[in-house]
Every structure is written in C-alpha cells, then in structure tokens.
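Here are the chains, one letter per residue:
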Amino acid sequence: MSPFPFSAYLVVAIFGFIVATTVAGALIAVLSRRIIRSVAGLALCSVGLAGLYYFLNSPFLALMEILIYIGAVCVTIIFGVMLSETDEPEPRENPGQERLWAVISALVSVAIFVGLYRLSLHGAWPAGGAAAADGSVRAIGIALLTTFSLPFELISLVLLVAILGALTLAHGGRKQS
Amino acid sequence: MNVVHLPDQPAAYLILAAFLLATGVFGLLRRRTLIGMLISGELIFAAAALNFMTVNRFMAPDPAVGQIVVLFIMGLAAAEVAIALSIIIAVYRNYRSIHSKELSELKG
C-alpha cells in the first residue's frame, strides 16, 4: 500500500498536466501566425516531452531533452528568426484556394492520427518484457562505448560536418551579396 | 481501462506520439515560411523519439537501447537545425524572403 492514499490520483493528475502541456505546445507551434510564438510553442512541447520521458523511466533523457531542444534547437531557431523576416504572409490572392489547401492538410493529418490511433489501441503489441538491465546512466554509458561505439563516433562526425557546413553556407552567402 | 493506470499504458504514449506526428504533418503542409516548416519537422522528430521510448519502456528487453537511439535522434535533430538555418539565412540574403511560394526558381 502506498503511504499516501491519493498518491495514485496525484500521479495521474501530473501525467494529465504533462500531456496537456505537450498537446498545447504542439498546437501553438503549428497554428500561431507569429513565428516567434510557434518557437515558444515548440519549447513548451519540449518541456512536456521531458516530463513524458521522466514517466518512461528515463530522467537522463528528460534532462537531455531540455538541454538540447530548449537550450540548443529553440535558441538557434530564435537566432534564425531574428536574422530574417519570418511572419506568415497575409493570404492575398484567391482565399478559396487557401481554404481548400487548409482543408486538405487537415484531412491528411486527421487520417494519419485516426489510423495510428486505431493501430495503437487494437494492434497486436507484445506483452512487456521484464527489465534485464536497469537502464541507468551507467548502463547507457557502457552501452555507448561498447555496443554502440561505431554510431557514437559517426554521430560526432555528423555534428562536425554540420558545423563546418553551416559555417561555409553562411559565409558564402555573405560574400555573394 | 482504469484512469489510475493511464501512465502505465503504452497506448497513451503511442496516441500522443500519433498526435504529434499528425500536427507535424499538418504544419508541414500548411506553413508558408521555411522556419515554420522546420518547426513542424522538429515535432515529427519528437513524435519518433517518443515512440522509440515507449516501445523501449514497455516492450523491449534492454532499456538502454531505446535511450541511446533517442540520444542519436536528438543529435541528428540538432545537426539538421544548424544546417537548415544556415541554408535559410543564405536564401534570405539572396531573395529577401523565406516564403516558400516565392522561392520557385533555382540558380537565382
């Protein structure tokens, strides 16, 4: 028995709050017209995802989600927003075509959501495997340096190439203008 | 399904990941600026990472593998954002606009 009688309901309430944070962040990121608000929505969605990772037994990934997505990705996108003029343009010619396109994209995304919803509720998912290792930071570190050492090195190479490519692209654009 | 056991059900996380994927696809089709499309792509990345973590938590025998895959996804997302933003800034210098309707010719 749990020492506090309502602790299960408390956990469910926190879970619902985290899910609502994620959903609201995703909706703000997609639907708002000012682009800086949608970056803030992406940050909110990342906070919710960090909470979900905490519920999925991985506090390390929750920390990494906040560190990388909010600390690196959102800040980089905000720099990009400041360097260019990015707001959504006003719908100018033929609003009927705009509305048709909005309906088409909404239909596509609703179809994807309904299909995956049915699959995740009625799919033949295997029953849960018992935890063989503990999944702690120590286990992650050991697996990164033994089993996954080649992808680990490759992703460092990818990051190096990305840094060099970003520098080259931004610098070349400056010389042309 | 009892509400109390909702955080222990894999279906809750899978449905949320499906919602993130659907909103990402919607934004990718609907947005008319390049940075908005980039943000929607980040939502799709997040949906994939959440799916990996759910399957890892509830169905995989080794709980370290999914976390490592999600770490790789985060690293790739960071690299992709850096490259995409430098391309967007280079495009903005050439065209004075990043609205995807107006970027319709190559070799500008």
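Above this text sits the structure in question.
Residues numbered from 1 in each chain as written. Chains lettered and ligands numbered in written order. Predicted model: local features only at pLDDT ≥ 70, side-chain atom pairs only at ≥ 80, totals over all residues.

Engineer: Which parts of the structure should I look at to understand the overall build of chain B?
Structural biologist: In terms of helices and strands, chain B carries 3 helices and 0 strands. Helices and strands appear in chain B in the N-to-C order α-α-α. Considered along the principal axes of its C-alpha atoms, chain B spans approximately 55 × 25 × 15 Å. Classification of the 108 residues of chain B by burial places 52% in the buried group. (Helix = DSSP H or I, 4+ residues; strand = E, 2+ residues; numbered from the N terminus. Buried ≥ 20, exposed ≤ 12 C-beta atoms within 10 Å, placed from the backbone.)

Engineer: I would appreciate a short explanation of the packing of helix α3 (residues 59-83) of chain A against helix α2 (residues 34-58) of chain B in the present structure.
Structural biologist: When two helices pack together, their arrangement is given by the angle between the helix axes and by the axis-to-axis distance. In the contact formed by α3 of chain A and α2 of chain B, the axes pass within 12 Å of each other and the chain directions differ by 170 degrees. As judged from the angle between their axes, α3 of chain A and α2 of chain B are roughly antiparallel. Mapping the contact onto sequence places L61, V73, I77, G80 and V81 of chain A in α3 of chain A and I35, L38, I39, E42 and M53 of chain B in α2 of chain B. By residue class, the composition of the contact of α3 of chain A with α2 of chain B is 8 nonpolar, 1 polar and 1 charged. (Axes fitted to C-alpha atoms, helices over the stretch in contact; angles between N-to-C directions. Parallel < 35°, antiparallel > 145°, perpendicular 65-115°, else oblique. Contact = placed C-beta atoms within 7 Å. Nonpolar A, V, L, I, M, F, W, Y, C, P; charged D, E, K, R; others polar.)

Engineer: Can you help me understand the interface of chain B and chain A in this one?
Structural biologist: In many analyses, interface size is given as the accessible surface area lost on bringing the parts together. Chain B puts 66 residues into the contact, and the matching count from chain A is 77 residues. With 24 residues, the top contributor of residues to the side of chain B that touches chain A is helix α3 (residues 63-95) of chain B. Taken together, the residues of the side of chain B that touches chain A break down into 50 nonpolar, 10 polar and 6 charged.

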